[in-house]
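Residue strings, one per chain:
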Amino acid sequence: MGGDARNWDEDEYRNSILKERELQSRTVFRTVFAPSQNPNPEFIVVAASDGSVAPYSISSCISKYHLWFNNCRHQKPLSASSVAEPLCFLQGHNGPAYDVKFFGDGEDSLLLSCGDDGRIRGWKWRDILNSEVPNSVKETNLKPVLDLVNPQHRGPWGALSPIPENNALAIDNQGGSIFSAAGDSCAYCWDVETGKIKMIFRGHTDYLHCIVARNSSNQIITGSEDGTMRIWDCKNGKCVNVIEPDKHMKSKEAFSWISCIGLDASESWLACGNGRSLSVWNLPAFECISRIETRSPTQDIVFDDNQILAVGAEPVLNRFDLNGMTLSQIQCAPQSAFSISQHPSGVMAVGGYGGLVDVISQFGSHLCTFCCRGQ
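The structure presented is a predicted model; accordingly, all values stated were derived computationally and were not measured.

Draft legend 1. Representation of the side chain of Thr-27. Relative to the assigned elements, Thr-27 resides in the loop between α1 (10–25) and β1 (28–33). Given the relative accessible area of 8%, Thr-27 is considered buried. Setting aside residues up to four positions removed in sequence, Thr-27 forms contacts with Ala-47, Ala-48, Ser-49, Phe-338, Gly-352, Tyr-353 and Gly-355.

Here is the structure:
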């Protein structure tokens, strides 16, 4: 069967293949629901591997998803036809954006992001909501009102080290502080008002994956590639406790690392992922309550009251109780999930490989699945 190849455009064909591969390999590292007076979620902000930070309207994504889904007789892998349009693009980071958090409440809050370039950037959420641009415009000109960069360390003969990346953020609204987990084995406490470092937490022997703020005790908890969690006093920067989940166990892993940490609303229960296991800790008693073996590494954890939501290197959203019993498993679109976030209404969002975000109701049904557009 022949065809007319006289109008064949080799460059256009190559570009289309590259764009499709880029779309498939884009990764969502973190999502966060935007603060709102509306009891239902309105916007979700996505931090992705291309460095972009972009807010998406959930109602628009749901409408497009159902239109796209109804036009397909059989569900098939999401493609360019299911790419969602963001409210706007923010100039995020040179290299992947690893985390996004909101500092403050409502429209007066700051949207913060951190990434591989060692920066923490912040934009006024009110300005973002007012900066809607046509779909043909790729990026808004909105500049960050906060732009912090990690310090470089001076080595022998005065040589400066590379700027360490920021892998995660934690927030203390009352204290006006941002905490960052960095690639130089340190955690940093930044003053939002002055943009200066207030405190450096040193003690880990490898880079940090995760960090949470335990504001009721004026503490932070960090998780590291060195296989330990450390609890720090924010008054003096000293480590007050070290948790090593694999200390008294024969780990099946070649080495242990802490990939993620979750803290419940009472700040008394902690869950952490390390290797192919998940452990639950009672912090007042400083005791491991349960240990859950998982089929793949856990990459993010959040508490839902007295239950734990966990995602990892498989397309499944797991729900456990504190004793380690599996309550439910929901199939998700990302083949590897890096982020699980929850809205106060109970709606959840799972983001991961392929630039995919699954929005799931509190009852476990899929409200929509969308593919994030690249810059």
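Draft legend 2. Quick peek at the side chain of Ser-224. For Ser-224, the location among the structural elements is in strand β14 (residues 219–224). Judged by its relative accessible area of 0%, Ser-224 falls in the buried class. Of the polar contacts made by the side chain of Ser-224, one reaches the backbone nitrogen of Asp-226; its length is 3.0 Å. Apart from the residues lying within four places of it in its own chain, the contact partners of Ser-224 are His-204, Asp-206, Tyr-207, Leu-208, His-209, Trp-257 and Ile-258.

Draft legend 3. Main features of the UniProt feature "repeat: WD" (unreviewed entry) in the chain. Under the UniProt annotation, the feature "repeat: WD" (unreviewed entry) is placed at residues 90–124 and 201–242. Between the C-alpha atoms that bound residues 90–124 the distance is 12 Å, and the span itself is 0% helix and 54% strand.

Draft legend 4. Broad picture of the sheet that holds β1. Read from one edge of the open sheet, three strands run β1-β2-β3, paired in antiparallel fashion. Bordering the open sheet on either side are β1 and β3 (53–57), each of which pairs with just one other strand. Each strand axis lies, on average, 25° off the axis of its neighbour in the sheet, ignoring direction. With five bridges joining them, strand β2 (residues 43–48) and β3 adopt antiparallel strand pairing. Bridged to Ile-44 within β3 is Tyr-56.

Draft legend 5. Spotlight on the environment of Ser-113. Inspection of the secondary structure assignment puts Ser-113 in strand β6 (residues 110–115). Judged by its relative accessible area of 0%, Ser-113 falls in the buried class. Between the alpha carbons of Ser-113 and Gly-92 there is a distance of 7.3 Å; along the sequence they are 21 residues apart. If near-sequence neighbours (up to four positions away) are discounted, Ser-113 is found in contact with Val-53, His-93, Asp-99, Val-100, Arg-119, Ile-120, Arg-121, Trp-123 and Leu-169. Side chain to side chain, Ser-113 and His-93 meet in a polar contact 2.8 Å long.

Parameters at a glance
Residues numbered from 1 in each chain as written. Predicted model: local features only at pLDDT ≥ 70, side-chain atom pairs only at ≥ 80, totals over all residues. Heavy atoms only, no water. Helix = DSSP H or I, 4+ residues; strand = E, 2+ residues; numbered from the N terminus. Buried < 20%, exposed > 50% of the residue type's maximum accessible area, 1.4 Å probe, protein only. Contact = heavy atoms within 4.5 Å. Polar contact = N/O pair within 3.5 Å; in protein donor to acceptor, adjacent residues only side chain to side chain. UniProt positions renumbered as here; feature names shortened; annotations may be inferred. Pairing = 2+ DSSP bridges. Axes fitted to C-alpha atoms, helices over the stretch in contact; angles between N-to-C directions.

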